[in-house]
Amino acid sequence: TEVPQFESVYLDLADAYLRLDDPGRAVEVLRDAERRWPADPDVLNGIGTIQVHRGVYSDAIKTFEHAIEVRPDDGLAHFNLARTRELHYYTMRRFSRPGARWMDNPEELKKALAEYQAYLKIGGPYEDQARAGIDRIERTLRLK
């Protein structure tokens, strides 16, 4: 059944699996929780965070976007999406020797910037990190 009080048990169990270095089992637990509570941003943020940890940024971006779809005012989902887009940008960026320039996708950074700004409008405990992210992105975009 879908007893709301039990949701925290799923989150705690997933955390325990992560501490045991078993992210696969942690995701399984959170996917089960997602089936029970499909519109819960805590569950979706947990899944996305594990996806980031595993380096599957495209999947994490989709998960955080879904968290925002179900709860547009969830600041943590906006922050997580911003940080993930920023990480994705830097991992996909490559230097082209023949062209003597960086090959990248500045649109990904612009989307990250918008998410950091959305987070700041909502507010939350990561304001300093969001402002630092905005500064990093603005510096990078100015260098282009």
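This one's a predicted model, so the numbers in the text were calculated from it and none came from an experiment.

(A) Focus on the nonpolar core. With twelve residues, the main nonpolar core is built from Y10, A14, Y17, A26, V27, V29, L30, A33, W37, V43, I47 and I50. Elements with a contribution of two residues or more to this core: helix 1 (7-19), helix 2 (23-36) and helix 3 (41-53). Here this core takes five residues from helix 2, the largest share from any one element. Apart from the residues within four sequence positions on either side, A14 is in contact with A26, V29 and L30.

(B) Inspection of helix 3 at higher detail. Taking 1.5 Å per residue, 13 residues should reach 18 Å; helix 3 reaches 18 Å between its end C-alpha atoms and fits that length. Within helix 3, ten of the 13 residues are buried, which leaves the element mostly enclosed by the surrounding structure. Taken together, the buried positions of helix 3 are occupied by P41, V43, L44, N45, G46, I47, G48, I50, Q51 and V52. Two to three positions downstream of the cap, the backbone nitrogen of D42 sits 2.7 Å from a side-chain oxygen, assigning the N-cap of helix 3 to D40.

(C) Representation of helix 7 (residues 127-143) within the structure. End to end, helix 7 covers 24 Å across 17 residues, agreeing with the expected 24 Å (1.5 Å per residue, within 8%). Of the positions making up helix 7, those classed as buried are A130, G133, I134, I137 and T140. Down the axis of helix 7, the buried side of the element spans an arc of 135°, and every buried residue falls inside it. Of the exposed residues in helix 7, those oriented more than 90 degrees away from the buried face are D128, R142 and L143. Lining the buried residues of helix 7 we find helix 5 (75-92) and helix 6 (106-122).

About the criteria used
In every chain, residue numbers begin from 1 and rise along the written sequence. The predicted origin of the model limits local features to residues at a pLDDT of at least 70 and limits the giving and counting of side-chain atom pairs to 80 or more, whereas totals for whole chains, interfaces and linings rest on all residues. For the side-chain quantities, the full set of heavy atoms in the structure was used; hydrogens and water were omitted. To form a nonpolar core, buried Ala, Val, Leu, Ile, Met, Phe, Trp, Tyr and Cys residues must be joined to one another through side-chain atoms within 4.5 Å. The cut-offs for exposure are 20% and 50% of the maximum accessible area for each residue type, with area from a 1.4 Å probe on protein chains only; residues under the lower value are buried, those over the upper are exposed, and the others partly exposed. Only runs of H or I of at least four residues qualify as helices and only runs of E of at least two qualify as strands under DSSP, and these elements are numbered from the N terminus. Contact criterion: two residues are considered in contact whenever any of their non-hydrogen atoms come within 4.5 Å of each other. Helix span, as expected, comes to 1.5 Å for every residue beyond the first. Side-chain atoms alone can form a polar contact between residues adjacent in sequence; in general such a contact is a pair of N or O atoms within 3.5 Å, and within protein one must be able to donate a hydrogen while the other accepts it. The directions from the helix axis to the C-beta atoms form the arc being described.

Just geometry here; none of it tells us what the structure is for.
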